Amino acid sequence: MAEPQIHFWAPPDLPGLAFDPLLARLLHEEPVARVKLPNGEGHAWLATRYDDVRFVSVDPRFSRQAVMGRQVTRLAPHFIPMDGAVGFADPPDHTRMRRVVASAFTARSMRRLHEHAQRVVDRLLDRMESRGGPLDLMAHLNRPFPLAMVCALMGVPDEDQSRMAHWSDTIISAARGREASEQAKAEMAAYFRDLIERRRAEPEEDLAGVLAAALENGVLDQDEAVGLAVLIQIGGAHAVRNNSANMVYALLTRPGHLARLRAEPELVPQAVEELLRYIPHRNAVGLSRIALEDVEVGGVLIPAGDPVYVSYLTANRDPEVFADPEQLDFDRTHNPHVAFGHGPHYCPGATLARMESEILLRSLWDRFPDLALAVPDEEVVWERGALIRGPKELPVKW
């Protein structure tokens, strides 16, 4: 039997919300395929169908922990996660660490963060209004808002937000190189190590305080506590920044969808879910897993020891699950998308991310009902060499 083809996959810097053509082709023609990315070694399997993606995401025979120390083929030139990072833990260690983080997202803390989010957005919109347009929405809203929110969640004071932004941008970029990334990661880790130690002496009701208590009680060790802090800080700032900007761009370039939301503001939560499903929010894939034994996925045998990736982007476009998946449909009520992942590694900040996106979309058009792009949509500049997709600048007027 012939060996399956290995597809060399160098994801292009795609314009706008264009979908990766190789991903689209594999979903329909070769749903469990072998790929080689620009960095790392060897090849990996890639699952693209919804059911296969969910299967790999939950089956304990696929291990994140086993990736550590291996140069698995990948998009980034450097290995981003820190030692002890929750993203590369398996149960029961992963379960233990996630339980700590979940305790920071209580109903009380979410109410506090909701009130804080509205105040932050209102303050940013006040500044936009006083300055006048045209201006770059990334600089004035989509970048500072989620950064302020994750800093509030973590307990990072306002005066340190710019340092967090610089470190996060450097770590998450595929283009800045290993040395810059490792230095930024070490500096951010040192910052959180100090902050968590301060919280051990002077407890506060923030995530740094939760991590400090878990460290004090022996639930986490220091590397785990710091690794969690770094992961949440980076993810909370970048994922919402780009996704919320992609949502604004999608609405500004689809006047019919925007008019619908303006006429039916109660539709915003459902629209956010559909935007989360539809938007290709990253380049390539996230973190891989290793098959601990021979496992069949979608009729294909994955040999023990082989790395496996899943694509949540293609899972969200699977026509077996989503009718007319290429259409942005705000009437889609059955929407079991996997934009936040699936299984043990489901994003712990999903509730906060949804809340931020809903507040931003509502508040932006309440304040600026005539908001429009200040340049033709094909002239919007998009991030290049990035792991997370989004506009570099989003010029708007009103």
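See the structure shown above.
Summarised in this report is the structure supplied together with it. Small disclaimer: the values here were computed from a predicted structure and weren't measured.

### Concerning the environment of Ala208
With respect to the helices and strands, the residue Ala208 is situated in helix α9 (residues 207–216). For Ala208, a relative accessible area of 0% gives the class buried. Dropping the residues within four chain positions of it, Ala208 is found in contact with Met154, Leu195, Ile196 and Arg199.

### A short note on the nonpolar core
Membership of the largest hydrophobic core comes to 114 residues, with the highest contact counts inside it found for Phe192, Leu211 and Leu364. With 16 residues, helix α10 (residues 222–252) is the single largest residue contributor to this core. Core analysis: the second largest hydrophobic core is formed by 17 residues, Val53, Val56, Val308 and Val338 among them.

### As for the sheet that holds strand β1 (residues 6–8)
The strand order across the open sheet built from six strands is β1-β2-β3-β9-β6-β4, with neighbouring strands paired in mixed fashion. Looking at the sheet topology across the chains shown, the edges are occupied by β1 and β4 (62–63). Alignment of strand β6 (residues 289–291) against strand β9 (residues 307–310), held across two bridges, turns out to be antiparallel. When the sheet's bridge partners are listed, Ile290 is paired in β9 with Pro307. Its contacts with the sheet put helix α1 (residues 21–29) on β1, β2 (32–36) and β3 (44–47), and the angle it makes with β1 is roughly 160°. Of the strands in this sheet, β2, β3, β4, β6 and β9 touch helix α2 (residues 50–58), which is tilted by about 130° from β9.

### Digging into the pattern of salt bridges
By the definition in use, this model includes 22 salt bridges. Arg108 is the partner of Glu205 in a salt bridge, and the nearest nitrogen-oxygen pair spans 3.5 Å. Taken as a pair, Glu205 in the loop between α8 (178–201) and α9 and Arg108 in helix α4 (residues 107–131) lie far apart in primary sequence, 97 residues in all. In this structure, the salt-bridge partner of Glu273 is Arg354, at a minimum N-O distance of 2.6 Å. Placement of Glu273 in helix α12 (residues 268–278) and of Arg354 in helix α14 (residues 350–367) is noted, with a sequence separation of 81 residues between them. Looking at Arg354, the relative accessible area reads 21%, which means it is partly exposed.

Rules and cut-offs
For every chain, the first residue of the written sequence is number 1, and numbering continues from 1 along that sequence. In view of the model being predicted, local features appear only for residues whose pLDDT reaches at least 70, and side-chain atom pairs are presented and counted only at 80 or more, with totals across whole chains, interfaces and linings using the full set of residues. As a rule here, side-chain values come from all non-hydrogen atoms in the structure, and water together with hydrogens is ignored. Note on conventions: DSSP H or I runs of at least 4 residues are helices, E runs of at least 2 residues are strands, and numbering of each starts at the N terminus. Burial status follows relative accessibility: with a 1.4 Å probe on protein chains alone, a residue under 20% of its type maximum counts as buried, one over 50% as exposed, and anything between as partly exposed. By definition, residues are in contact when any of their heavy atoms lie within 4.5 Å. Residue types Ala, Val, Leu, Ile, Met, Phe, Trp, Tyr and Cys, when buried and joined through side-chain atoms within 4.5 Å, form a set referred to as a nonpolar core. Strands are labelled as partners when DSSP assigns at least two bridges between them. Fitting a line to C-alpha atoms yields each axis, with helices limited to the stretch in contact; the angle taken between N-to-C directions then spans 0 to 180 degrees. The salt bridge definition used is simple: a Lys or Arg side-chain nitrogen within 4 Å of an Asp or Glu carboxyl oxygen.

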